[in-house]
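Here are the chains, one letter per residue:
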Amino acid sequence: MWIKNAWYAAAFSDAVTVDPVPVTLLDTPMVLFRGDGGRLAVLEDRCPHRSVPLSFGRRVGNTIRCRYHGLQVDTTGACVRIPCQERIPRGAKVKTYPVIERHGLVWIWMGQPEGADEASVPDFSYLDDPAWTACVGYHFVEADYRLINDNLLDLSHESYVHDTTIGNDAVAQAPVSVERTQTQLRVHRTILKCDPPPFYVKATGFTEPINRWHTTIFTPPATHIIENGSYPATASRNQALERRVLHAISPATRTSSHYFWGVARQYRRGDAALTEYIRTQTAATFDQDKEILELQQQALARSGKPPFSLAFETDSGPIQARRMIDQLVASEAAPVPAPAGDNAGTLRSISAQLRSYP
Ligand SMILES: [Fe+2]
């Protein structure tokens, strides 16, 4: 079920300081630590001696020292010291993983190291672009990462899950359009002359009816950038206040996920109180998602039902995202050339998808 040839967010950079940090991605326990000069390394989280997690150890110079018998492993994964003997056995090493820090996040490549293309790190530059002001947060969600993708690709749930923050009835009633390209999916919704939901009133100052839009841009396996804007229905679109909501979801296990998020805005950029309001309200909004997603995960596990026992037209985005993931997983297992014209941006009808989706 995993796409391995991808960069996955593993931590915020400033969360990895002196102590080794354990992180599990794709059911693989790893440890992050900073060696000499602050350079980040990612190792298999297992002492090659007796398998105690290295993340339980201590950083010593350019190494982690295992807390059990003192073996030291450096940033290349090689054992460089065994306290009780001079000789270091040839097999005394652990696996390493390509890692890169960009825009305040640590990204780990889980596929073959030679395939780790730095140009393919998801573009989260809104987080440190001087033209935007951003806040960030993290949730651990005990649900399959694909359920979180589903959630972000059908924002009609805002009307019901988030009626105290970003949603109201108008969201679910507005039609969506879905556009698929070779590498991305874009799900768009424009909502005209709607009452501003509670978050919008405080975060924008608009109290009269507004026009608003959101476009979720999904890149497999699990990054989403939601372009969002709103303006008074009596004004023109060039008066819109815009935000970008960034989501990097990394599977921890088959039924749990790391969820890194950020919100960037292009207005009232120096207003620290507004930044804090957006951060706390976004965290509260994603708490609501977490609750629903974990209930859904538990119910699916109990029932053994597929995730789409019944699909609405608004499930087109989530279903197509799952198809993109399935295709990438299959292509990693047995690389085959894509059929010509398959990614021309044309959409399969939802009924065809439902016939073929399990
Ligand atoms: Fe949500």
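Procedures and definitions
Residues numbered from 1 in each chain as written. Predicted model: local features only at pLDDT ≥ 70, side-chain atom pairs only at ≥ 80, totals over all residues. Heavy atoms only, no water. Helix = DSSP H or I, 4+ residues; strand = E, 2+ residues; numbered from the N terminus. Buried < 20%, exposed > 50% of the residue type's maximum accessible area, 1.4 Å probe, protein only. Pairing = 2+ DSSP bridges. Axes fitted to C-alpha atoms, helices over the stretch in contact; angles between N-to-C directions. Expected span 1.5 Å × (residues − 1). Domains from an automatic or database assignment. Contact = heavy atoms within 4.5 Å. Buried area = accessible area lost by both parts, 1.4 Å probe. Salt bridge = Lys/Arg side-chain N within 4 Å of Asp/Glu carboxyl O. Polar contact = N/O pair within 3.5 Å; in protein donor to acceptor, adjacent residues only side chain to side chain. Nonpolar A, V, L, I, M, F, W, Y, C, P; charged D, E, K, R; others polar.

Caption draft 1: Molecular detail of the environment of Ser125. Topologically, Ser125 is positioned in the loop between strand S10 (105–109) and strand S11 (133–141). For Ser125, a relative accessible area of 23% translates into the label partly exposed. Between the C-alpha atoms of Ser125 and Ala240, which are 115 residues apart in sequence, the distance is 21 Å.

Caption draft 2: Seen up close, the sheet that holds strand S3 (residues 28–34). Overall, antiparallel pairing links the three strands, which are arranged S2-S3-S4 in an open sheet. Each edge of the open sheet is held by one strand with a lone partner, namely strand S2 (21–25) and strand S4 (40–44). On average, each strand axis in the sheet is tilted by 30 degrees relative to the strand beside it, whichever way the strands run. In terms of strand pairing, S3 meets S4 through five bridges, oriented antiparallel. Across the sheet, the residue bridging to Arg34 is Leu40, located in S4.

Caption draft 3: How the structure looks around helix H6 (residues 316–333). The end-to-end C-alpha distance of H6, which contains 18 residues, comes to 26 Å, matching closely the 26 Å that a straight helix rising 1.5 Å per residue would cover. Turning to H6, its buried residues are Ser316, Gly317, Pro318, Ile319, Gln320, Ala321, Arg322, Arg323, Met324 and Ile325.

Caption draft 4: Summary view of the domain arrangement of the protein chain. The domains assigned to the protein chain are domain 1 (7–120) and domain 2 (126–333). Between domain 1 and domain 2, the C-alpha centre-to-centre distance is 33 Å. Taken together, the contact between domain 1 and domain 2 spans 13 residues of the former and 17 residues of the latter. For the pair domain 1 and domain 2, the summed buried surface comes to about 1100 Å²; carbon and sulfur atoms form 66% of the total. Contact with domain 2 buries area across many residues of domain 1, yet Tyr8, Phe12 and His103 alone supply 44% of it, more than any other trio. Applying the counting criterion to the domain 1 and domain 2 interface returns zero salt bridges. Between the two partners, domain 1 and domain 2, sit six residue pairs in polar contact (both at pLDDT 80 or more). Only strand S1 (7–12), S2 and S10 provide two or more residues apiece to the side of domain 1 that touches domain 2. The greatest single-element share of the side of domain 1 that touches domain 2, amounting to five residues, is contributed by S1. The residue inventory of the side of domain 1 that touches domain 2, partitioned by class, reads 10 nonpolar, two polar and one charged.

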